[in-house]
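Structural overview
Each chain is listed here by its residues.
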Amino acid sequence: MRGGRGADASDAASPGEEPAAAPAARRRGRPARAGADAGPGARERILAAARTEFAARGYDKTSVRGIAKAAGVDAALVHHYFGTKEQVFEAAIELTFAPALTMPEAIAGGGADVGERMARFMFAVWENPVSRQPLLAIMRSALTNDTAATVLRGLIERRLLQRVAGELQVADPKFRVQMAAGHLIGIAMLRYVIKMEPVASAEVEEIIAMVAPTLQRYLTQP
């Protein structure tokens, strides 16, 4: 009959047997993942999920953890690819703004119709439901969150306005292009965000006809 130490004795190795190996220490750092999680396409899935989350929830209510869950990856992988939430937002809105970022090519060379070309380009982007909805979400985030506004401002200035200003042959081109952009953004707010009548339901051609001469003056008048 075994004594009180019987339990301990049963755990000990029998003569000639190797002692049981101790459990491996857990490694620090990024958690292990299934190949599908961290494999090819993970970055693109994260970016697509980020665009959807920011569009649906806004900047304040979107989290890195929520983006990771929507993408089917660990939150550490989001940080690995993009860094902070602010950097994820910047990458997501740069993708969203991709259609608008080709404006410098659309107005290259200036000319007597540059104001009309600028207006047509921007309203083509806004009138397309595919590009309009993400843009609206970004604008709403920028209106309610200082960090989102800072990121958006930096992107617009660096990737759009500076390049457009480089196409102008006038004094103070940066000021001129900001005035033109402000004019267009103001109309976009009335038409697509606030939906104020009669601007909200006006024909696009009518708006372009009204706006183009003013843009032309901003961009070309000595």
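Scroll up for the structure.
Everything numeric here is computed off the predicted structure, so don't read it as measured data.

Rules used throughout
Residues numbered from 1 in each chain as written. Predicted model: local features only at pLDDT ≥ 70, side-chain atom pairs only at ≥ 80, totals over all residues. Heavy atoms only, no water. Helix = DSSP H or I, 4+ residues; strand = E, 2+ residues; numbered from the N terminus. Buried < 20%, exposed > 50% of the residue type's maximum accessible area, 1.4 Å probe, protein only. Contact = heavy atoms within 4.5 Å. Phe/Tyr/Trp six-rings, centres within 6.5 Å; stacked < 30°, edge-to-face > 60°. Axes fitted to C-alpha atoms, helices over the stretch in contact; angles between N-to-C directions. Parallel < 35°, antiparallel > 145°, perpendicular 65-115°, else oblique. Nonpolar A, V, L, I, M, F, W, Y, C, P; charged D, E, K, R; others polar. Core = buried A, V, L, I, M, F, W, Y, C linked by side-chain atoms within 4.5 Å. Salt bridge = Lys/Arg side-chain N within 4 Å of Asp/Glu carboxyl O. 1 Å grid on protein atoms, 1.4 Å probe; cavity = no way out; pocket = protein on both sides within 12 Å on 5 of 7 lines; lining within 4 Å. Points joined across faces, edges and corners; volume = space filled by probe spheres on them.

A count of helices and strands for the protein chain gives twelve helices and zero strands. Traced from its N-terminal end to its C-terminal end, the protein chain shows the element sequence α-α-α-α-α-α-α-α-α-α-α-α. Relative to its full complement of 222 residues, the protein chain shows a buried share of 40%. When contacts within the protein chain are restricted to residue pairs at least 6 apart in sequence, long-range pairs at least 24 apart make up 67% of them.

Tallied over the entire structure, the rule returns five aromatic pairs. The interplanar angle of 10° and the centroid separation of 5.9 Å between the aromatic rings of F54 and Y59 together place this pair among those described as stacked. Y59 carries the same exposure label as F54, and that label is buried. Among the aromatic residues, ring-to-ring pairing joins F54, Y59 and F89 into one connected group.

Turning our eyes to something else, we now look at the environment of E167. Its place among the elements puts E167 in the loop between α10 (146–165) and α11 (173–193). On a C-alpha basis, the gap between E167 and A108 in space is 6.1 Å, while along the polypeptide they are 59 residues apart. E167 has contacts with P104, A108 and G109, leaving out every residue within four places of it along the chain.

Quick look at the packing of helix α8 (residues 114–127) against helix α9 (residues 129–144) now. Packing of α8 against α9 brings their axes to within 5 Å, and their N-to-C directions diverge by 90°. Regarding the angle of α8 to α9, the classification is roughly perpendicular. Two secondary-structure elements touch here, α8 through V125, W126 and E127 and α9 through P129, S131, R132, L135, L136 and M139. Here the contact of α8 with α9 is composed, by residue class, of six nonpolar, one polar and two charged.

A separate point is the nonpolar core. In globular proteins that are soluble, nonpolar side chains generally tend to be buried together. If you look at the biggest cluster of nonpolar residues, it comprises 66 residues, and the most contacted ones within it are F97 and F123. No other element matches the ten residues that α10 contributes to this core.

Throughout the structure, instances matching the rule amount to nine salt bridges. Here E90 ties to R158 by a salt bridge, and the two come within 3.3 Å at their closest N and O atoms. Here R158 lies in helix α10 and E90 lies in helix α6 (residues 85–96), a separation of 68 residues in the sequence. Ionic contacts of the salt-bridge type, sharing partners, join the residues E116, R120 and E205 into one network.

This part covers the layout of surface pockets. Regions of empty space are outlined by a rolling probe, equal in size to a water molecule, passed over the atoms. Put simply, the largest pocket is a space of about 600 Å³. F97, L152, I156, A181 and I185 are, among the 25 residues lining the largest pocket, the residues nearest its centre. Among the elements of the structure, α8, α9, α10 and α11 are those that each provide at least two residues to the lining of the largest pocket.

Here we take up the side chain of E53. Secondary-structure assignment places E53 in helix α3 (residues 42–61). Setting aside anything within four residues of it in sequence, one finds E53 in contact with G58, T62, G66, I67 and A70.

Turning our eyes to something else, we now look at empty space enclosed by the protein. Overall, the coordinates contain one cavity of 30 Å³ or more when judged by the stated rule. Approximately 80 Å³ is the volume attributed to the largest cavity. For the lining of the largest cavity, the residue count by class is eight nonpolar, two polar and one charged.

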